Amino acid sequence: MAIPVTRNGTTTPKPKILIPEKVSPDGLALLKQSFEVDEKKGLSPEELESIIGEYEALIVRSETKVTAQLLAAAKKLKVVARAGVGVDNVDVEAATKHGIIVVNSPSGNINAAAEHTIALMMAVARNVSDACSSIKAGKWERSRLVGIETKGRTLAIVGLGKVGLTVARIANGLGMRLVAYDPYANPNLATAASVTLKDSLAEILKEADFLTLHTPLIASTKGMIGAAELATMKPTARILNVARGGMIDEDALVEALDAGTIAGAGIDVFTSEPPQPNSSASRLIAHHKVVATPHLGASTKEAQENVSIDVCEQVISILNGELPRSAVNAPLILPEEYRTLQPFVNLIEKMGSIYTQHYGSHLTGSSTRSQTFRTSFDIIYEGSLSTLNTTKPLFAALVKGLLTPITSSDGLNINIVNAELLAKERGILVNEIRSRENLEDKPYSSFVTLRARATRSSSHKRTDKSHAELAPQPLTPTEDQVIQGFVSANKPYISRLDRFQGEFIPQGTLLICRNFDSCGKIGFVGSALGRAGVNINFMNVAPLHEGAEGERNEALMILGVDGEVGEGVVEGLVGEEGVLQAGVVCL
Ligand SMILES: NC(=O)C1=CN([C@@H]2O[C@H](COP(=O)(O)OP(=O)(O)OC[C@H]3O[C@@H](n4cnc5c(N)ncnc54)[C@H](O)[C@@H]3O)[C@@H](O)[C@H]2O)C=CC1
Ligand SMILES: O=C(O)C(=O)COP(=O)(O)O
């Protein structure tokens, strides 16, 4: 181990960086100046786990599985750097929990992946692989190996991100007709690349002469092309996958190729890499209508230099306590700030999520049922939070909390880098306020208030006549909606929901009921849930806070419950005997 001796004779070992895969030397040269770099290829998962505790940084490509178990053993680790795009081999959630930053190189290999896609498309269209084997075997099979041209044919792209768009631009030059499905694509970029965006996967599958996949492997894309989807495609269609194995059902594709309902495929990525013998991946590779490559999309000299330099520079930044440029964890926090801020990040994300779910359209018995999602918020930091250098992670957490319940969170990775942009795109205005008010009389050192400003009108109408007399005056569009919280012993607490004050931990499934503060309400709700087989873990009653206006005898009942509470059960709680409003919030 390199141990530099300082002037006063004490020794400080250099931080150690582990590289268990082939990463281009261009970036590693930068690291070697200040760190001890260990390149150890071919480690088994057990060997990796036994040594990871010594390292402050880990640099991987797609082969190393960075599991929760490995991260738990990584006591000194500050950063996992992925020298490439896809982080599906890294347990990002576990890394975030451990305060380990995950970075990647989002653009270093785009061109390489796009060019490889085009190479596979051409190879499939012109039977290049088959023809090559045939001629090397001494044959001369010109009539068997007649191909098709790509010009004028339809290329259907799933995932119009960086690689998808680059493929589109090249294919446009080949004279292809371009359609794409990507619910989050930028329509201006699509138009500029001559791509017509369609509303559903089904639409583009029908039209495709070539189908190419360019999404990350996430819950919404796993198995997205299965037997049912293949059956809707033209029998002359060819399929390309340079994104991730697992998005196509390999067995279904082999069957479709055998049956002649799909004409061919060019595949770079597989469900098991390297493929296990007799696996679906190996059957697909062996198929005579398939051109296969061993995950070579990013394997060009240029791309490897790019990604290596990109991630190594980021590792240096992080180990020097600075911000990296492409952090994947949401939201990103500097290592030294992480432990202090993390509980507040957690609190604020929950506050945003409660806001969207509680004040969204889910309240049964609510006279604010059809209320418009308000988009103008004040977030007020009091106490020690008001002196932070940056509130970016807190802002990002709020945007994430507000949007995740109403978007396909799988496809929308909200983090410190994109939170501002996403908020802007959705028209969400957040005014961050630092209040220096003295919290000496309060039992906590920092306090957060989320106030949804009543700047937009609601189209609310009483929807449930039978409760019209029962319900007190609803919140009118001119009233702000307020959620307050604090952190104690690293746990987030909500301390106020609108006019009601009571402390509860925002986690799991919560049933929030507004009721007249009179005898029998708790019993009524308890027995209704009992009858529905819903187990109650905790219950908190929040009375009106001091100085609250409106009905004096109202309270909120917050119940932490196990599992799902069906709509019917929630509806059954509202009524003369029961509560005024009820809604479920999942955190
Ligand atoms: N074979 C290889 O060596 C390489 C593979 N890749 C892979 O290519 C894929 C794309 O990479 P980039 O373009 O850089 O990513 P990107 O993040 O720029 O683009 C992904 C696109 O997929 C879209 N998307 C997400 N969920 C979707 C869904 N359910 N349906 C339709 N669209 C959806 C997103 O909106 C986004 O526009 C990744 O899986 C990456 O790991 C990238 C480089 C090399
Ligand atoms: O960047 C990506 O997502 C890739 O798939 C490239 O993987 P690799 O670094 O070549 O193992």
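Notes on the structure in this doc start here. Keep in mind the model is a prediction, meaning the values are calculated, not measured.

### Notes on the environment of Ala265
Item 1. Counting through the fold element by element, Ala265 comes out in strand S11 (residues 264–267).
Item 2. According to the relative accessible area criterion, Ala265 is buried, its value standing at 0%.
Item 3. Remark: the alpha-carbon pair of Ala265 and Ile239, spanning 26 residues in sequence, is separated by 4.6 Å.

### With respect to the site of ligand 2
Item 1. Close to ligand 2 lie Arg61, Ser62, Arg82, Ala83, Gly84, Val85, Gly86, Asn109, Arg244, His295 and Ala298, which account for all nearby residues.
Item 2. Between Arg61 and ligand 2, the recorded distance is 2.8 Å, taken from a side-chain N or O atom to an oxygen atom.
Item 3. With respect to ligand 2, the backbone of Gly86 contributes an N or O atom lying 2.8 Å from an oxygen atom.
Item 4. Coverage of ligand 2 by the protein amounts to 90% of the 320 Å² it exposes when considered alone.
Item 5. Class assignment of the residues belonging to the shell around ligand 2 gives a composition of three nonpolar, five polar and three charged.

### Some points on the side chain of His287
Item 1. Summarising the element assignment, His287 is placed in the loop between helix H12 (280–286) and strand S12 (290–292).
Item 2. The exposure class of His287 is buried, given its relative accessible area of 9%.
Item 3. His287 has contacts with Val254, Leu257 and Asp258, leaving out every residue within four places of it along the chain.

### Some remarks on the sheet that holds strand S19 (residues 509–516)
Item 1. The strand order S20-S21-S19-S22 describes an open sheet built from four strands, whose pairing is antiparallel. Looking at strand neighbours, the two that pair on one side only are strand S20 (536–543) and strand S22 (581–586), the edges of this open sheet. Along the sheet, successive strands turn relative to each other by an average axial angle of 20 degrees, direction set aside.
Item 2. Bridge count between S20 and strand S21 (residues 554–561): seven bridges; the pairing is antiparallel. Bridge pairing links Phe538 to Gly560 in S21.

### Things to note about the packing of helix H1 (residues 25–32) against helix H13 (residues 301–319)
Item 1. Following both chains from N to C, one finds H1 and H13 inclined at 20 degrees, their axes separated by 7 Å at the closest point. The angle between the axes of H1 and H13 places the two elements in the roughly parallel class. The two elements H1 and H13 meet at a crossing, and its hand is right-handed. Of the residues in H13, those touching H1 at Asp26, Gly27, Leu28, Leu30 and Leu31 are Glu305, Ser308, Ile309, Cys312, Glu313, Val315 and Ile316.
Item 2. Considered class by class, the residues forming the contact of H1 with H13 number seven nonpolar, two polar and three charged.

### Details of the site of ligand 1
Item 1. Near ligand 1, the surroundings consist of 27 residues, among which Lys162, Val163, Asp182, Thr215 and Val242 are the closest.
Item 2. One nitrogen or oxygen atom from the main chain of Val163 is found 2.7 Å from an oxygen atom belonging to ligand 1.
Item 3. A distance of 2.8 Å separates an oxygen atom of ligand 1 from a polar backbone atom of Thr215.
Item 4. Its free accessible area being 860 Å², ligand 1 has 90% of it covered by the protein chains.
Item 5. Classifying every residue of the shell around ligand 1 by side-chain character gives 13 nonpolar, 10 polar and four charged.

Calculation rules
Sequence order as written defines residue numbering, which begins from 1 separately in each chain. Chain A is the first chain written and ligand 1 is the first ligand written, with later ones labelled in order. Local features in a predicted model are, by the rule used here, given only for residues with pLDDT of at least 70; side-chain atom pairs are given and counted only at 80 or more, and totals for whole chains, interfaces and linings are based on all residues. With hydrogens and water excluded, all non-hydrogen atoms of the structure serve as input to the side-chain values. Numbering of helices and strands runs from the N terminus; a helix is a DSSP stretch of H or I covering at least four residues, while a strand is a stretch of E covering at least two. Any residue under 20% of the maximum accessible area for its type is buried, any over 50% is exposed, and the rest in between are partly exposed; the area is computed with a 1.4 Å probe on protein chains only. We call a residue near a given molecule or strand whenever any one of its heavy atoms falls within 4 Å of it. Under the rule applied, a polar contact is a pair of N or O atoms within 3.5 Å (in protein, one hydrogen donor and one hydrogen acceptor; residues adjacent in sequence only if both atoms are side-chain atoms). In these tables, accessible area is a Shrake-Rupley quantity obtained with a 1.4 Å probe, and a residue counts as shielded only by the protein chains included in the view. Gly falls in the polar group here, along with every residue not listed as nonpolar (Ala, Val, Leu, Ile, Met, Phe, Trp, Tyr, Cys, Pro) or charged (Asp, Glu, Lys, Arg). Whether two residues are in contact is decided by their heavy atoms, any of which lying within 4.5 Å being enough. Think of it this way: DSSP has to see at least two bridges between two strands before they count as a pair. For helices, the fitted line uses only the C-alpha atoms of the stretch in contact; every axis is such a line through C-alpha atoms, and the angle between N-to-C directions lies from 0 to 180 degrees. Relative orientations are named as follows: roughly parallel for angles under 35 degrees, roughly antiparallel for angles over 145 degrees, roughly perpendicular for angles from 65 to 115 degrees, and oblique for any other angle. Crossing handedness is defined as follows: a turn of the near helix away from the far one that is anticlockwise and smaller than a right angle gives a left-handed crossing, while the clockwise case is right-handed.

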